[in-house]
Protein chains: 2
Amino acid sequence: MRSYHQRCALAKALDVVGDRWTLLIIRELLIRDACRYTDLLNGLPGIATNLLAERLKELEAAGLITREDEPPPIATKVLRLTSRGKELAPAIAALGWWGRPLLAEDVDNDAFRDHWVILPLRQYVRDRSPGARPITLALRLGKEHVTLETASDGSVRVQPGNPTRRDALIDGEPGTILALLSAKVSLAAARAKGVRFEGDPKILRRFGSKYTSGVVHDSENVHGRS
Amino acid sequence: MRSYHQRCALAKALDVVGDRWTLLIIRELLIRDACRYTDLLNGLPGIATNLLAERLKELEAAGLITREDEPPPIATKVLRLTSRGKELAPAIAALGWWGRPLLAEDVDNDAFRDHWVILPLRQYVRDRSPGARPITLALRLGKEHVTLETASDGSVRVQPGNPTRRDALIDGEPGTILALLSAKVSLAAARAKGVRFEGDPKILRRFGSKYTSGVVHDSENVHGRS
DNA sequence: CGGCATCCACAGTGATACTG
DNA sequence: CAGTATCACTGTGGATGCCG
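Source: prediction; values computed, not measured. Per-chain numbering applies: the sequence of each chain, read as written, is numbered from 1 onward. Chain A is the first chain written and ligand 1 is the first ligand written, with later ones labelled in order. In keeping with the model being predicted, local features are shown solely for residues with a pLDDT of at least 70 and side-chain atom pairs are shown and tallied solely at 80 or more, while totals for entire chains, interfaces and linings include all residues. Hydrogens and water molecules were not included; the side-chain quantities draw on all heavy atoms of the structure.

S.K.: Looking at this structure, how should I read the interface of chain A and chain B?
M.R.: For interface size, the figure often reported is the accessible area lost on association. Chain A puts 47 residues into the contact, and the matching count from chain B is 47 residues. Buried area counts how much accessible surface, traced with a 1.4 Å probe, disappears from two parts once they are put together, with both parts' losses summed. In total, chain A and chain B occlude about 4,500 Å² of area from one another, counting both sides; carbon and sulfur atoms represent 66% of this. By definition, a salt bridge exists where a carboxyl oxygen of Asp or Glu is found within 4 Å of a side-chain nitrogen of Lys or Arg. For the pair chain A and chain B, the interface holds two salt bridges. Between A:K12 and B:D110 there is a salt bridge, with the nearest N and O atoms lying 2.7 Å from each other. Polar contact is defined as a pair of N or O atoms within 3.5 Å, subject to the rule that within protein one atom must be able to donate a hydrogen and the other to accept it, and that residues adjacent in sequence are counted only when both atoms are side-chain atoms. At the boundary of chain A and chain B, one finds 16 residue pairs in polar contact (both at pLDDT 80 or more). Helix and strand assignments follow DSSP, with helices taken as H or I runs no shorter than four residues and strands as E runs no shorter than two, numbered in order from the N terminus. Mapped onto the side of chain A that touches chain B, the elements with two or more residues apiece are α1 (9-17), α2 (22-32) and α6 (89-99) of chain A. Here the residues of the side of chain A that touches chain B sort into 30 nonpolar, six polar and eleven charged. Here a residue-residue contact requires only that any non-hydrogen atoms of the pair lie within 4.5 Å. We call Asp, Glu, Lys and Arg charged. Ala, Val, Leu, Ile, Met, Phe, Trp, Tyr, Cys and Pro are nonpolar, and the rest, Gly among them, are polar.

Structural data, given as C-alpha cells:
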C-alpha cells in the first residue's frame, strides 16, 4: 500500500496493516498461531493466491510474521505472528466488536469457516468462578476441534485442537455454541438447536459473557438433563 | 470497497471502514465533531477531492455520518459522526496505540497537522487528582487552539477551540506539549524546547499519562519557575 | 499437494482541471 | 465552498502454469 505520509499514529498503523486482506490474514494467524500457506488460503475465502503471497512478504518485511522451517516431521514452512504482530489483537478485537451488529447482513451469501468463532469466544466468554477447579471443555464445530480451558484469573484460553483430557464436550453449530457459552441461551434451547452436550451441565454455569449478566444457566438448568 | 463476503465481525467491519482513507476521515470527525468538506480536505493531506466526496457518500449511506444544513449564520453543510460512527473511537484508539512505535519513521517527509495531537491527548492524558477543583487549560499549537478540561472521574475532555476562562495556557509544539501533559518531560525541559507556559506550574502536577507513572513534575517542579 | 509466479480484465486511486 | 469530470496509473481477483 502507498503510505499516507502523515505523522499520525493511526495513519502509520494503516500504512502497515491498512491494505486489503492484511487484517484478515492477521486474524487467521491470531486464531491458529502456527499456519501453513494453505491453511491461510482455506481460512480466507476469496483471496487470490498471488495476493496472499505478496501480503505475507510485506508482513514479514514489516516484522509482523515469521516463516520458518520446522523440525523434520513437518515438511512445510510454518507462519507465525511475532510478538509485534500479536499486539494487534486488541485493535482487531475492537474492530470486530464494532462490526458485530453487521453480522446479520447477507447471512446466506457469506462464506463461513467454523474456526472463526474462536475469536469471539476468546473475547466474550469468561469464567464466572475463577477460584474453582480448572475446567477443560472440548468443542466440536463441524470438523473443527476447539479446546477451552479456564485460567485462574477468570480468563478462558481458547485454542484450536482436541484436548487430551476433558470435563465436557459440546458439539454443534458455532453460533449456538457461542450463545450457550456466553449464557445467552439455555442448554435446553441450545439442544433444541441441535447441540449435543456430554458431561455435567452444571459446568456450563461457570461460563458467561463479559458483557451481559448471563443468568440463563441457573434458572433453566433443571431442563438441562432432558 | 468490495465486500469480503465472510460471516465474520471483523470482515464486516472492514467491509464498511476498510477502504483506503475511510478511517482517517473518521479520525478527523472524531477530533472536530462538526466539519466542513474543506476542513476534511485540509486535515487529510494527500486525499483526492473526488475520493473524499465518494467516501463521504459511502459513510453517509452506511449510517456513520450525517451532512446537514445549519441554521442561518452558517452557510455551508456540516458533517458529523452519528453515534454509530463515534463507536469507532475505541477501535481507532487501539490501532493508533499499536502504530505509536512507527511514528519515528520518515519524520521529515511526513505531512503534519497540529490538531492531530488531540487524539493522543484524549487517549493518554489523565487527571491525577480527580477530586480536586476542575481545571481548564488552553493549548496553542501553531494556529490551532485546544481546550482541555478535567472531569470529575479523572478523565480529561480535549476539544478544539479556545476556552472562555482558563487556569493556564501552554503554547508550543504538539509533541512537546503531549510529552509535558503526559508527564514524560518536566516544565523546564519543555521550556527548553520552546514551550511558553502561563499560570501556576503546580497545575501541571494534575496531569499524567494513563500508561506511565509520570513523576517528572513533582521532582523537577523547583526548576519550573526559571 | 503445497507454494508460489505470471498474465490479464477490471475496479479503485491520485492528480489536475473544471463547474455551480 | 463543495464538489464533478477526466484520465493515467496501480491494485485486485480470477485463472492458470510451474516446480519440488
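S.K.: For this particular structure, what's the right way to read the protein's contact with DNA strand D?
M.R.: The near set for a molecule or strand comprises every residue that places at least one heavy atom within 4 Å of it. Near DNA strand D there are 19 residues, and of these A:R20, A:W21, A:L51, B:T38 and B:T76 occur at the shortest range. Near the protein, within 4 Å, the atoms of DNA strand D are sugar or phosphate in 72% of cases. Interatomic distance of 2.7 Å between a side-chain N/O atom of A:W21 and a phosphate oxygen of DNA strand D. Between DNA strand D and B:T49, the relevant distance is 3.3 Å, taken from a base nitrogen to a side-chain nitrogen or oxygen of the residue. Sorting the residues of the surface near DNA strand D by element identifies α4 (49-61) of chain A together with α3 (37-43) and α4 (49-61) of chain B as the ones contributing at least two each. The residue makeup of the surface near DNA strand D, split by class, is five nonpolar, seven polar and seven charged.

S.K.: Can you help me understand the environment of B:T150 in this one?
M.R.: Residues and elements named next belong to chain B. Mapped onto the secondary structure, T150 falls in strand β5 (residues 144-150). The classification of residues rests on relative accessible area computed with a 1.4 Å probe and restricted to protein chains. Under 20% of the type maximum is buried, over 50% is exposed, and intermediate values are partly exposed. We classify T150 as buried; its relative accessible area is 10%. With sequence-adjacent residues up to four places away left out, T150 is seen in contact with D127, R133, P134, I135, S155, R206 and F207. A polar side-chain atom of T150 sits 2.8 Å from the main-chain amide nitrogen of I135.

S.K.: Is there a simple way to explain the protein's contact with DNA strand C in this structure?
M.R.: A:T38, A:T49, A:T76, B:R20 and B:R55 are the nearest of the 19 residues found near DNA strand C. Among atoms of DNA strand C positioned within 4 Å of the protein, sugar and phosphate together represent 66%. In the model, a phosphate oxygen of DNA strand C is placed 2.7 Å from a nitrogen or oxygen of the B:R20 side chain. One of the backbone N or O atoms of B:G46 is found 3.4 Å from a phosphate oxygen in DNA strand C. When residues of the surface near DNA strand C are traced back to their parent elements, those giving at least two are α3 (37-43) and α4 of chain A together with α4 of chain B. Residues of the surface near DNA strand C, tallied by class, amount to five nonpolar, seven polar and seven charged.

S.K.: Looking at this structure, I do not really get the packing of helix α2 (residues 22-32) of chain B against helix α6 (residues 89-99) of chain B. What am I missing?
M.R.: The relative placement of two packed helices is expressed as an angle between their axes plus a distance between the axes. All names here are of chain B. In the contact formed by α2 and α6, the axes pass within 11 Å of each other and the chain directions differ by 110°. Viewed along their axes, α2 and α6 adopt a mutual orientation that is roughly perpendicular. Crossing hand, α2 versus α6: left-handed. Between α2 and α6, the contacting residues are L23, I26, R27 and L30 on the first element and A89, I92 and L95 on the second. Residues that form the contact of α2 with α6 fall into these classes: six nonpolar, no polar and one charged. Orientation is described by lines fitted to C-alpha atoms, with helices fitted over the stretch in contact, and by angles between N-to-C directions that extend from 0 to 180 degrees. Each angle receives one of four descriptions, namely roughly parallel if under 35 degrees, roughly antiparallel if over 145, roughly perpendicular if within 65 to 115, and oblique otherwise. Definitions for this section: a left-handed crossing has its near helix turned counterclockwise from the far helix by less than a right angle. A right-handed crossing has that turn clockwise.

S.K.: Looking at this model, I keep getting lost on the sheet that holds strand β4 (residues 136-141) of chain A. Mind explaining?
M.R.: Two pairing modes exist for strands in a sheet, parallel and antiparallel, and in both the strands are linked by backbone hydrogen bonds. All names here are of chain A. The mixed open sheet is built from five strands, whose spatial order is β6-β5-β4-β7-β8. The open sheet has two edge strands, β6 (156-160) and β8 (196-199), and neither has a second partner. On average, each strand axis in the sheet is tilted by 15° relative to the strand beside it, whichever way the strands run. On the sheet, helix α8 (residues 174-181) packs against β4, β5 (144-150) and β7 (168-171) and is oriented at approximately 155° with respect to β4. When DSSP finds two or more bridges between a pair of strands, those strands are recorded as paired.

S.K.: Sorry if this is basic, but what is going on with the sheet that holds β5(B) here?
M.R.: Residue and element names in this part refer to chain B. Spatially, the five strands line up as an open sheet ordered β6-β5-β4-β7-β8, and their pairing is mixed. Among the strands making up the open sheet, the edge pair consists of β6 (156-160) and β8 (196-199). Ignoring strand direction, the axes of neighbouring strands in this sheet form an average angle of 15°. Pairing of strand β7 (residues 168-171) with β8 involves four bridges; the strand directions are antiparallel. Opposite I170, over in β8, you have F197 as the bridge partner. Those strands touched by helix α8 (residues 174-181) are β4 (136-141), β5 and β7, and its axis lies near 155° from that of β4.

S.K.: Please clarify how helix α1 (residues 9-17) of chain B should be interpreted in this entry.
M.R.: Residue pairs three or four apart in sequence face the same way in an α-helix, which turns once every 3.6 residues. Counting buried residues along α1(B), eight of its nine residues qualify, which places the element largely inside the surrounding structure. Those residues of α1(B) not exposed but buried are B:A9, B:L10, B:A11, B:K12, B:A13, B:L14, B:D15 and B:V17. Looking at the buried positions of α1(B), the neighbouring elements they touch are α2 and α6 of chain A together with α2 of chain B.

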